[in-house]
Amino acid sequence: MEVGPVRSSAKPDPPSAALEVPDPSTPVEAGEPLWTEWTSEGLRRGATPVATPAAWSLEAFAGRFGEISGGAACATLTLVFRLVYEAQRRGEVAAWIGHRASTFYPPDVAATGVDLDGLVVVRIANAVEAATASDLLVRSGSFAIVVVDFVGFKEAARRGGTTSVLDASARRAIPLPSLPSFPSSSRSVARGRAPRTFRGGVDLPIHAQTRLAGLAKRHDTAFVCLTDKDADRPSIGSLVSLRAHAARTARSADRYRCEIRVLKDKRRGPGRVHVEECHVPDGLC
Amino acid sequence: MSRMACVDLPELPLQLLTRRHPEWAGNPVVVVDRDSPQGVVTWADELARSRGVLPGMRYAGALSLASDLHAGVVTDREVAKAVARLTRKLANHTPRVEPGGAEGAGPGVFWLDARGLEPLYASLEAWARGVRDDLVGAGWRAAVVVGFSRFGAYAMSRSPDRARRGVVVLKTPGEESAASRRVTLDRIAVAPHARESLAKLGVTTVGAFLDLPADALGKRFGPDVRRLHRLATGQLDLPLQPAKLETPSIERRDLEYVETNVSRLLEIVKVLLDPLIARAKERGRALAGLDVGLRFERLGDHVESVRPAAPTRDTDRLLELVRLRLGAIRKLPDGVVEVMLVAREVSEAPGQKSLLERSRRDLAAGERAVARVRARFGDESVVRARLREGHLPEGRFAWDPIPAASGELAMSSSASGTGVSSSRAAGRSGAAGSRGRVGGEAPKKGLQAPSPSPTADTGALVRRIHVRPRALPPRPRHEPDGWMLRGLEQGPVVRVAGPYVVSGGWWNDRTVHREYHFAETQDGELLWVYFDRPRRRWFLQGRVE
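Residues numbered from 1 in each chain as written. Chains lettered and ligands numbered in written order. Predicted model: local features only at pLDDT ≥ 70, side-chain atom pairs only at ≥ 80, totals over all residues. Heavy atoms only, no water.

### Examining the overall build of chain B
Then comes step 1: Within chain B one finds 15 helices and 19 strands.
Then comes step 2: A buried classification covers 50% of the 545 residues belonging to chain B.
Then comes step 3: Counted over contacts in chain B with a minimum sequence separation of 6, partners at least 24 positions apart contribute 61%.
Then comes step 4: Within the structure as shown, chain B displays about 25,700 Å² of accessible surface, and the carbon and sulfur contribution to it stands at 50%. (Helix = DSSP H or I, 4+ residues; strand = E, 2+ residues; numbered from the N terminus. Buried < 20%, exposed > 50% of the residue type's maximum accessible area, 1.4 Å probe, protein only. Contact = heavy atoms within 4.5 Å. Areas by Shrake-Rupley, 256 points an atom, 1.4 Å probe, with all protein chains shown as cover.)

If you want it as structure tokens, here you go:
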């Protein structure tokens, strides 16, 4: 019996000239397509990566649903205020949504150059209200960046703080004129059922995420959420377009090396790293 | 015959302070311009004066004379609000009320037109007694003098023995003149340096003051003293200039049934809103705010206030804000039996567009969005940070509600512990050290195009602060595994920087001594902690992020 030649089950090697994987370190001229030949799958790819890694700028977040996470050694507040500062340098207004009980320290923020008068701060009780407030603000199209500080909500939940929408302090009861005076109501006005207690994580409903992502894109607003989680934890949701992890990675005397690592980027792909050196606040003042 | 009454609420700022702190009754109380040892005493009560504490002294010096001295700050705004409230109250007794302030009379002095009241009351004394009883019933100390001239009634109201009686009705101009001449100069608004100089000349009473030649007074003591002399002698007769009291525009409806449905309630609000808007339009005014009053069947009265981004006559916009505010209530706690709308009207100022567009974004839309957030979550939900002078971290800033572009601040401002601003720092002023208003500057209205600092320290780390520092577990004597500040997960503290000591409040009952540290844990968390020496406990102030 004649035995034919042995045929290998492996696919044949493609012609070496048809597929040239470029060296990522080689700079590419902007506009020049990276792959101009057919791949073995027969798909034409014309991806054009940027010439240099993008710096930490508002431009990267404009029109997108972004998330900046940080673990124990985090630098989220510091680095997000760079974006706020940049928005203000352009003459645009920024908004901050956070919990009443835990927030950024305004003197430190002012020291970084941010104009506190140009920063609208919404102080609320829980993440559900944060979604509503975000919707109202992003929808207006007036804000270059809207930041939701979910880390503050987590801190409040950790302390066992209230997440209820009840807030009687802003309410007052006055007797209506020319009518017998009624005793002031000693109970606050019930506002329906209290939202479920926030216990870590981010409770941003998917329909809210969808709406916010669409609004951010329509109005070219950077919608950024700050979260407290490690880099290996998943994003808030699949609609997050850009996820970065901000951490302090090294220390020298009173300076820290702060790194932002892009974990997810639907436009440019992950992997970029931005590094800054920051110093600790001078004592207290 | 012209009849004029003078109502004197002596030391109004002091009265405001003691109303705020009723527990200080029986102790010497002073008003200072700022809550610090270098604060200057501006008002002192009789008990403080008896110990030698006088206006013009430093707070620290006053404390050395009276160790049980209590002090507080009363801002000009609080005084102005009280004067407005009292003017409205006095307007219930006579249509023409002029608040003091003119002729250096100071806050707390009001002139009332007492003409034509005899047919309405048994006597002028009955009327004056009614005015005083109304004020005393509201908790004020007051004296009412009915006289014939502005100065005469004022001087009599300041006379200590007359003021103690509470109500004085002078029968004839001669009686008024004779009685006022006996009043000492330290009781009326004469400049202190002029009063001291006159005292050296033996001029200590109003009568002796009136006997001096007016021209010589002007040359020696200045135009203010001369003017007072002319007023006192009747040469300068100022007519009453009553305050213009605006009656708010109100629409109300008594419901024939008990309403428990929010949607139907909103329809009622819509029906009541139309005539309010129409009235404002007739007057050429717009609505800067709207109060929605609900009278519950059992729970009593409740008010919700909404403010649009800018004064408006747009029914839909106002309704949207009311819908956002009431819409959060899925179920009313009780049935509503009456609805009342009170409109806050302002004059419609023509808007002016800026020549140069600074921003590609529509700030007006942003202000409307902010108004919606305010309507949805409360007036104190939308704020700006304001820097203050202070030693403690939580005292170095405050949250100010963002006023609408119309300029009105929130009616129902919170004074809760987690509320807007600390009462301790009210009225404090100081140099601005960074980008933020410090002290008593007026908050900017609406959304502002920002002006960040071009030469800022962008390399600084930013801290998170907990409004209420969290008490940490006491440190055990023996820590074999290190200081577990946050628990086993974060690991022990590996590095501590500090202490940075903050100490103060020794001039009052609020002694503070905190030793701040930065504590870095094994997993890299950089915590902002302090040891509270009076309480001997560690607290977590915040974190560096």
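On we go.
### Some details on the environment of Leu 290 of chain B
All names here are of chain B.
Then comes step 1: Tracing the sequence through the fold places Leu 290 in strand S10 (residues 285-296).
Then comes step 2: For the pair Leu 290 and Leu 319, spaced 29 residues apart in sequence, the C-alpha separation works out to 10.0 Å.
Then comes step 3: Other than its neighbours up to four places away in sequence, Leu 290 contacts Leu 273, Leu 276, Glu 304, Ser 305, Val 306, Val 322, Leu 341, Val 342 and Ala 343.

### Digging into a positive patch on the surface
Residues and elements named next belong to chain B.
Then comes step 1: A grouping of Arg 19, Arg 77, Lys 81, Arg 85 and Arg 88 is seen on the molecular surface, where their side chains present a positively charged patch.
Then comes step 2: Per-element accounting of the positive patch gives the leading share, 4 residues, to helix H4 (residues 76-90).
Then comes step 3: Turning to its location among the elements, Lys 81 is positioned in helix H4.
Then comes step 4: The partly exposed category is assigned to Lys 81, whose relative accessible area is 48%. (Patch = residues over 30% accessible without salt bridge, like charges linked within 9 Å, V, L, I, M, F, W, Y side chains within 5 Å. Salt bridge = Lys/Arg side-chain N within 4 Å of Asp/Glu carboxyl O. Lys, Arg positive; Asp, Glu negative; His and termini not counted. Charge placed at Lys NZ, Arg CZ, Asp CG, Glu CD.)

### Focus on the sheet that holds strand S8 (residues 167-169) of chain B
All names here are of chain B.
Then comes step 1: The strand order across the open sheet built from 5 strands is S5-S6-S1-S7-S8, with neighbouring strands paired in mixed fashion. Of all the strands in the sheet, just strand S5 (97-99) and S8 have a single pairing partner and so form its edges. Neighbour to neighbour, the strand axes of the sheet diverge by 15 degrees on average, direction disregarded.
Then comes step 2: Relative to S8, strand S7 (residues 143-147) runs parallel, the two sharing 3 bridges. The residue of S8 that forms the bridge with Val 146 is Val 169.
Then comes step 3: With respect to the sheet, H4 is in contact with strand S1 (4-8), S5 and strand S6 (109-113), its orientation differing from that of S6 by roughly 25 degrees. (Pairing = 2+ DSSP bridges. Axes fitted to C-alpha atoms, helices over the stretch in contact; angles between N-to-C directions.)

### Focus: the packing of helix H11 (residues 214-221) of chain B against helix H12 (residues 223-233) of chain B
All names here are of chain B.
Then comes step 1: Packing of H11 against H12 brings their axes to within 7 Å, and their N-to-C directions diverge by 155 degrees. In terms of orientation, H11 lies roughly antiparallel with respect to H12. Taken as a pair, H11 and H12 cross one another with a handedness that is right-handed. On H12, the residues that touch Ala 214, Asp 215, Leu 217, Gly 218 and Phe 221 of H11 are Pro 223, Val 225, Arg 226 and His 229.
Then comes step 2: A class-by-class count of the residues in the contact of H11 with H12 yields 5 nonpolar, 2 polar and 2 charged. (Parallel < 35°, antiparallel > 145°, perpendicular 65-115°, else oblique. Left-handed = near helix turned anticlockwise from the far one by under 90°. Nonpolar A, V, L, I, M, F, W, Y, C, P; charged D, E, K, R; others polar.)

### Remarks on unusual backbone geometry
Peptide bonds are trans in most cases, and residues, glycine excluded, mostly fall at negative phi.
Then comes step 1: Gly 498 of chain B connects to Pro 499 of chain B through a cis peptide bond whose omega is 5 degrees.
Then comes step 2: Along the chain, Pro 499 of chain B falls in strand S16 (residues 493-504).
Then comes step 3: Phi angles above zero are rare outside glycine, and Asp 220 of chain A is one such case at about 55 degrees.
Then comes step 4: With respect to the helices and strands, Asp 220 of chain A occurs in the loop between helix H5 (206-219) and strand S6 (222-228).
Then comes step 5: With phi around 55 degrees, Arg 536 of chain B is a residue other than glycine that occupies positive phi space.
Then comes step 6: One can find Arg 536 of chain B in the loop between strand S18 (526-532) and strand S19 (537-544).
Then comes step 7: Residue Arg 536 of chain B is classed as exposed on the basis of its relative accessible area, which comes to 59%.

### Things to note about the pattern of salt bridges
Then comes step 1: One pass over the full model with this rule turns up 44 salt bridges over all chains.
Then comes step 2: Note that Asp 134 of chain B is salt-bridged to Lys 89 of chain B, the shortest N-O span being 3.4 Å. Of this pair, Asp 134 of chain B sits in helix H5 (residues 124-137) while Lys 89 of chain B is found in helix H4, placing the two residues 45 residues apart along the sequence.
Then comes step 3: Across the pair Glu 545 of chain B and Arg 543 of chain B runs a salt bridge, and its minimum N-O distance is 3.0 Å.
Then comes step 4: When salt bridges with common partners are traced through the structure, they connect Asp 149 of chain A together with Arg 464, Glu 525, Arg 543 and Glu 545 of chain B into a single cluster.

Function cannot be read off these values alone, since they describe shape.
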